[in-house]
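# An overview of the molecular structure
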Amino acid sequence: MQIQKEDIRKVILKVAREEFADKGYKDTSMRTIAQRAEVGLSNIYNYFKNKNEIFREVLSSVLKAFEDSMIEHNNEDYISLDIFSSDEYLRRQTDLFFSLVAKYKEDLRILFFNASGSSLENFRDEIIEIHTQTGREYLRLMKEKYPDVNTDISPFFTHTMCAWFMSSIEELVMHDLSDSEMEQFIREYMEYGTAGWKKILKVK
């Protein structure tokens, strides 16, 4: 029975994910991926033009999750002083954070620690920069809606807070926490951050 092209593609991605998780991008070869997927080395290029394309496809879901989180960050529902007192907002943000790590833990491990040599090797720094710019835009939108809030906050402070967020994700990926332990940490992180931003923005 002829194997469907899409099925072969899925096998290639499954094998590649295992190789990237075990050896990292740099030490994973197209030849090994082809052999394990039982695809001819020349034939694998009918599915992917190079190893980097496979790597990005393996991580496409988690990359999309980060992209969506940046869009969600400045949702008009969050341009509100109510976020500093809303249990619903805190619960929603805690759930989103938890879901990101719980759902993509293995992908995040590959992305953060096994991406050397790929086009994603500087992802952490790049997403921190994007997050920083998103944060600066958030402050602008808050000031526009609430002129009395303090948004005279240094760009480096915003950058550092974004770096802390990424470091928190890395710590959760590196440590084998139970779901309840991870959820407790994320809730504490969110409560601490919310209180801190309320203070620095001088929200009454």
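Below is a summary of the structure that appears in this document. Nothing here was measured: the structure is a model prediction, and the numbers come from that model.

Parameters at a glance
Residues numbered from 1 in each chain as written. Predicted model: local features only at pLDDT ≥ 70, side-chain atom pairs only at ≥ 80, totals over all residues. Heavy atoms only, no water. Axes fitted to C-alpha atoms, helices over the stretch in contact; angles between N-to-C directions. Helix = DSSP H or I, 4+ residues; strand = E, 2+ residues; numbered from the N terminus. Parallel < 35°, antiparallel > 145°, perpendicular 65-115°, else oblique. Left-handed = near helix turned anticlockwise from the far one by under 90°. Contact = heavy atoms within 4.5 Å. Nonpolar A, V, L, I, M, F, W, Y, C, P; charged D, E, K, R; others polar. Buried < 20%, exposed > 50% of the residue type's maximum accessible area, 1.4 Å probe, protein only. Arc of directions from axis to C-beta. Phe/Tyr/Trp six-rings, centres within 6.5 Å; stacked < 30°, edge-to-face > 60°. Lys NZ or Arg CZ within 6 Å of the ring centre and 35° of its normal. Core = buried A, V, L, I, M, F, W, Y, C linked by side-chain atoms within 4.5 Å.

This next bit is on the packing of helix H7 (residues 123-145) against helix H8 (residues 155-174). Contact geometry of H7 with H8 gives a least axis separation of 8 Å together with a crossing angle of 130°. One finds that H7 runs oblique with respect to H8. Between H7 and H8 lies a crossing of right-handed hand. Where H7 approaches H8, its residues Phe 123, Arg 124, Ile 127, Ile 128, His 131, Thr 132, Gly 135, Arg 136 and Leu 139 are matched on the opposing element by Pro 155, Thr 158, His 159, Cys 162, Ala 163, Phe 165, Met 166, Ser 167 and Glu 170. The residue inventory of the contact of H7 with H8, partitioned by class, reads nine nonpolar, six polar and three charged.

Once that is clear, we can look at helix H2 (residues 30-37). Among the residues of H2, those classed as buried are Met 30, Ile 33, Ala 34 and Ala 37. The buried residues of H2 occupy one face: seen down the axis, they fall within an arc of 95°. Here the buried face of H2 lies against helix H1 (5-23), helix H3 (41-44) and helix H4 (51-58). Within two residues after H2, Glu 38 carries a phi angle of roughly 60°, on the positive side.

Turning next to the packing of aromatic side chains. By the definition in use, this model includes 13 aromatic pairs. For the ring pair Tyr 78 and Tyr 89, a centre distance of 5.2 Å and an interplane angle of 75° mean the geometry is edge-to-face. Placement of the pair is Tyr 78 in the loop between helix H5 (60-73) and helix H6 (87-113) and Tyr 89 in helix H6, with a sequence separation of eleven residues. For Tyr 78, a relative accessible area of 6% translates into the label buried. The buried category is assigned to Tyr 89, whose relative accessible area is 19%. With 5.6 Å between their ring centres and 80° between their planes, Phe 97 and Tyr 189 make a pair best called edge-to-face. Linking Phe 97 in helix H6 with Tyr 189 in helix H9 (residues 179-200), this pair joins segments that are 92 residues apart in sequence. Residue Tyr 189 is classed as buried on the basis of its relative accessible area of 12%. Members of the aromatic cluster, joined through ring pairs, are Phe 97, Trp 164, Phe 165, Phe 185, Tyr 189 and Tyr 192. Its guanidinium or amino end placed over the ring of Tyr 25, Lys 51 lies 4.3 Å from that ring's centre, counting from NZ or CZ.

Here we come to the environment of Phe 112. Position of Phe 112 relative to the elements: it lies in helix H6. Considering only alpha carbons, one finds Phe 112 and Ala 195, 83 residues apart in sequence, at a separation of 29 Å.

Bringing the nonpolar core into the picture now. With 50 residues, the main nonpolar core has Ile 12, Ile 54, Phe 66 and Ile 169 as its most contacted residues. The dominant element in this core, judged by the number of residues it contributes, is H6, at ten residues. Residues in contact with Ile 12, not counting those within four places in the same chain, are Ile 33, Ala 37, Val 39, Ile 44, Tyr 47, Phe 48 and Ile 54. Ranked by size, the runner-up nonpolar core spans twelve residues in total, among them Ile 79, Tyr 138, Ile 153 and Leu 201.

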